[in-house]
Amino acid sequence: MQTSTLNPKSTPDTYTNADLHAMDARYYLPTFKRYPIALAKGQGSEVWDVEGKRYIDMLAGIAVSNVGHSHPEVVAAIQKQAEQLIHISNFYVSVPQMELAEQLVNLSGLARVFFCNSGAEALEGAFKVARKYAHQQGKGGTIYAFTGAFHGRTLATIATGKPAMQQGFGPIPEGFKTLPFNDIAALEKAYSEDMAAVVVEPIQGEGGVRPAHTEFLRQLRSFCDARGVALIFDEVQTGVGRTGAWFAKDHVQVQPDIITLAKGLGSGVPIGAILCNDKLSAVIDYGDHGTTFGGNPLACAAALATLRVIHNEELLATARSQGHWLRSEIRQWQLPLIEEVRGQGLMIGVVLKASAKPVVEKLLARGILANATADNVLRLVPPLNIPRALLTEVLDTLKQVLTEASP
Ligand code: PLP
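First, a word on scope: everything that follows refers to the structure included in this document. Everything numeric here is computed off the predicted structure, so don't read it as measured data. (Residues numbered from 1 in each chain as written. Predicted model: local features only at pLDDT ≥ 70, side-chain atom pairs only at ≥ 80, totals over all residues. Heavy atoms only, no water.)

1. Considering the sheet that holds strand β6 (residues 176-179)
Then, in step 1: Pairing in this open sheet of seven strands is mixed, and the strands run β4-β12-β11-β10-β7-β5-β6 from one edge to the other. Lying at the two open borders of the sheet, with one neighbouring strand each, are β4 (112-116) and β6. Here the strands of the sheet are splayed against their neighbours by 20° on average, with no regard to which way each runs.
Then, in step 2: With four bridges connecting them, strand β5 (residues 142-146) and β6 associate as parallel partners. Bridging across to β6, Ile143 finds its partner in Phe176.
Then, in step 3: With respect to the sheet, helix α9 (residues 214-227) is in contact with β5, β7 (195-200) and β10 (230-234), its orientation differing from that of β7 by roughly 165°. (Pairing = 2+ DSSP bridges. Helix = DSSP H or I, 4+ residues; strand = E, 2+ residues; numbered from the N terminus. Axes fitted to C-alpha atoms, helices over the stretch in contact; angles between N-to-C directions. Contact = heavy atoms within 4.5 Å.)

2. Comments concerning unusual backbone geometry
Then, in step 1: Of the consecutive residues Gly170 and Pro171, the connecting peptide bond is found in the cis state with omega at 0°.
Then, in step 2: Structurally, Pro171 is set in the loop between α7 (163-166) and β6.
Then, in step 3: In this structure, Lys263 takes a positive phi of about 25° despite not being glycine.
Then, in step 4: As for its position among the elements, Lys263 is in the loop between β11 (258-261) and β12 (272-276).

3. Things to note about helix α15 (residues 388-405)
Then, in step 1: Taking 1.5 Å of rise per residue, 18 residues should cover 26 Å, and α15 covers 25 Å from first to last C-alpha, within 8% of that figure.
Then, in step 2: Residues Leu390, Leu391, Val394, Leu395, Thr397, Leu398, Val401 and Leu402 constitute the buried set of α15. (Expected span 1.5 Å × (residues − 1). Buried < 20%, exposed > 50% of the residue type's maximum accessible area, 1.4 Å probe, protein only.)

4. Examining the packing of helix α3 (residues 72-84) against helix α12 (residues 297-312)
Then, in step 1: Between α3 and α12, whose axes approach to 8 Å, the crossing angle comes to 155°. Taken together, α3 and α12 sit at an angle that is classed as roughly antiparallel. When the axes of α3 and α12 are compared, the crossing they make is right-handed. Touching Glu73, Val74, Ala77, Ile78, Gln81 and Ala82 of α3 are Pro297, Leu298, Ala301, Ala302, Ala305, Thr306, Arg308 and Val309, all from α12.
Then, in step 2: A per-class count over the contact of α3 with α12 returns ten nonpolar, two polar and two charged. (Parallel < 35°, antiparallel > 145°, perpendicular 65-115°, else oblique. Left-handed = near helix turned anticlockwise from the far one by under 90°. Nonpolar A, V, L, I, M, F, W, Y, C, P; charged D, E, K, R; others polar.)

5. Considerations on the layout of surface pockets
Then, in step 1: Estimated volume of the second largest pocket: approximately 980 Å³.
Then, in step 2: Val113, Phe114, Ile284, Tyr286 and His289 are, among the 26 residues lining the second largest pocket, the residues nearest its centre.
Then, in step 3: At the level of secondary structure, the elements contributing two or more residues to the lining of the second largest pocket comprise α4 (95-108), β4 and β12.
Then, in step 4: Among the elements that take part in the lining of the second largest pocket, β4 stands out by supplying four residues, more than any other.
Then, in step 5: Considering only residue class, the lining of the second largest pocket consists of 13 nonpolar, ten polar and three charged. (1 Å grid on protein atoms, 1.4 Å probe; cavity = no way out; pocket = protein on both sides within 12 Å on 5 of 7 lines; lining within 4 Å. Points joined across faces, edges and corners; volume = space filled by probe spheres on them.)

6. Regarding the side chain of Asp257
Then, in step 1: One can find Asp257 in the loop between α10 (249-252) and β11.
Then, in step 2: A polar side-chain atom of Asp257 sits 3.1 Å from a polar atom in the side chain of Arg221.
Then, in step 3: At a separation of 2.8 Å, a polar atom in the side chain of Asp257 contacts the main-chain amide nitrogen of Leu231.
Then, in step 4: Apart from the residues within four sequence positions on either side, Asp257 is in contact with Leu110, Arg221, Val229, Ala230, Leu231, Leu275, Cys276, Asn277, Lys279 and Leu280. (Polar contact = N/O pair within 3.5 Å; in protein donor to acceptor, adjacent residues only side chain to side chain.)

7. Describing the sheet that holds strand β16 (residues 371-373)
Then, in step 1: Across the sheet, four strands lie side by side as β13-β14-β17-β16; this open sheet has antiparallel pairing. Each edge of the open sheet is held by one strand with a lone partner, namely β13 (338-344) and β16. Strand-to-strand twist in this sheet, taken as the mean axis angle between neighbours without regard to direction, amounts to 30°.
Then, in step 2: Of the strand pairs in this sheet, β13 and strand β14 (residues 347-352) are connected by six bridges, and their pairing is antiparallel. Opposite Gln344, over in β14, you have Met347 as the bridge partner.
Then, in step 3: Against the sheet, helix α13 (residues 315-333) contacts β13, β14 and β17 (377-380), and its axis sits at roughly 175° relative to β13.

8. Overview of the site of the ligand
Then, in step 1: Taken together, Ser118, Gly119, Ala120, Phe150, His151, Gly152, Glu201, Glu206, Asp234, Val236, Gln237 and Lys263 make up the full set of residues near the ligand.
Then, in step 2: Between the ligand and Gly119, the relevant distance is 2.8 Å, taken from an oxygen atom to a main-chain nitrogen or oxygen of the residue.
Then, in step 3: Residue Phe150 places a main-chain N or O atom 3.4 Å away from a nitrogen atom belonging to the ligand.
Then, in step 4: Against a free-state accessible area of 390 Å², the protein chains account for coverage of 82% of the ligand.
Then, in step 5: A class-by-class count of the residues in the shell around the ligand yields three nonpolar, five polar and four charged. (Near = heavy atom within 4 Å. Areas by Shrake-Rupley, 256 points an atom, 1.4 Å probe, with all protein chains shown as cover.)

9. Points about the packing of aromatic side chains
Then, in step 1: Summed over the entire model, instances satisfying the criterion amount to five aromatic pairs.
Then, in step 2: Ring geometry for Phe146 against Phe216: centres 5.3 Å apart, planes inclined by 75°, an arrangement best described as edge-to-face. Residue Phe146 is found in strand β5, and its partner Phe216 is found in helix α9; the two are separated by 70 residues along the sequence. The same class applies to Phe146 as to Phe216, namely buried.
Then, in step 3: Ring pairs connect the aromatic residues Phe146, Phe181 and Phe216, which therefore count as one cluster.
Then, in step 4: Stacked on the ring of Tyr28, the Lys or Arg Arg34 has its end atom at 4.5 Å from the ring centre.
Then, in step 5: If you follow Arg227 out to its NZ or CZ, it ends over the ring of Tyr191, 5.5 Å from the centre. (Phe/Tyr/Trp six-rings, centres within 6.5 Å; stacked < 30°, edge-to-face > 60°. Lys NZ or Arg CZ within 6 Å of the ring centre and 35° of its normal.)

Quick look at the structure:
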């Protein structure tokens, strides 16, 4: 190891954005095409780059910082827990892990939980639980997902995703199939004894903030009940208040057999969760699944504080009202470039008639972070407690940018 290069610069402000991008080009696997800034600080719904430029954060770490950056209660909980106990392995239980398990069981109405470290890992675990359940009923293990879905980047989760994500990574695991989204007839037609589970995002996130129809989700429940198929709601992006309810399933009053969570759960401290009902939980036995880091005291303390803030600051209602206001303001512009404004709570997609990427770049240059999904959808997923004054600033800039870009 070259000790001379170990932390040669100690504070972020000794680097420029360009310095850090040169290091990215030199040292990091080129997996993400990054925007040309390096962020150093966040507070509430604002972030600052290493050169001190401020941005309003309408992306929130891709729907993660639901209570805003460095919320004092979350910071205090992390600090306190870090001083007390960071990690212990899952050979032992801890107060934060058990309290978080109890809270999530109560909030979801499901029976048991398993903590992991990310969304994809939660999905992988959910697939295992569903397959074991199916095998115990003498059925096959195929997992059915839908077009436009995104469940992660591990091998099993890319097997449920777009063919483009699978390119170059074969052999892709077997036992995953894709059917048209919002089409119950296609699912009924595809049914065989090989169908173990159906996995669906109540609102597709990476697929372009595309909602599942309420009727489709209810039909899925009946379909799965009638055939003993496990119904998995992937709420990695929609969960933890994002849509103005604890879980998007609450809006449609459909109770899945399994819910997966991650993103907003730990305010950025990595944590994922698999929540299962009694029926599915019953198939899991000692040794069936595991993790080293998953649900460690630090991550669980961050998640507990996050849930507390959402509850105490009534952020579900805030997400609903702010989201409703934002969507109706944008719709009122009636700009020719906008095809549709959709979403729920503070998970908003502004569907454009052209690529959203140039719009994202222009917003960035004017101090707003957002992103483009499914090419032509501008995704806005700010912290749930973003102040109205910041949203007004965002709307003014967005209107200008979209007007300039309109045909
Ligand atoms: N599921 C959904 C619905 C997601 O939106 C994502 C990430 O965007 C994932 C799963 C994967 O989560 P992670 O990136 O934490 O593995």
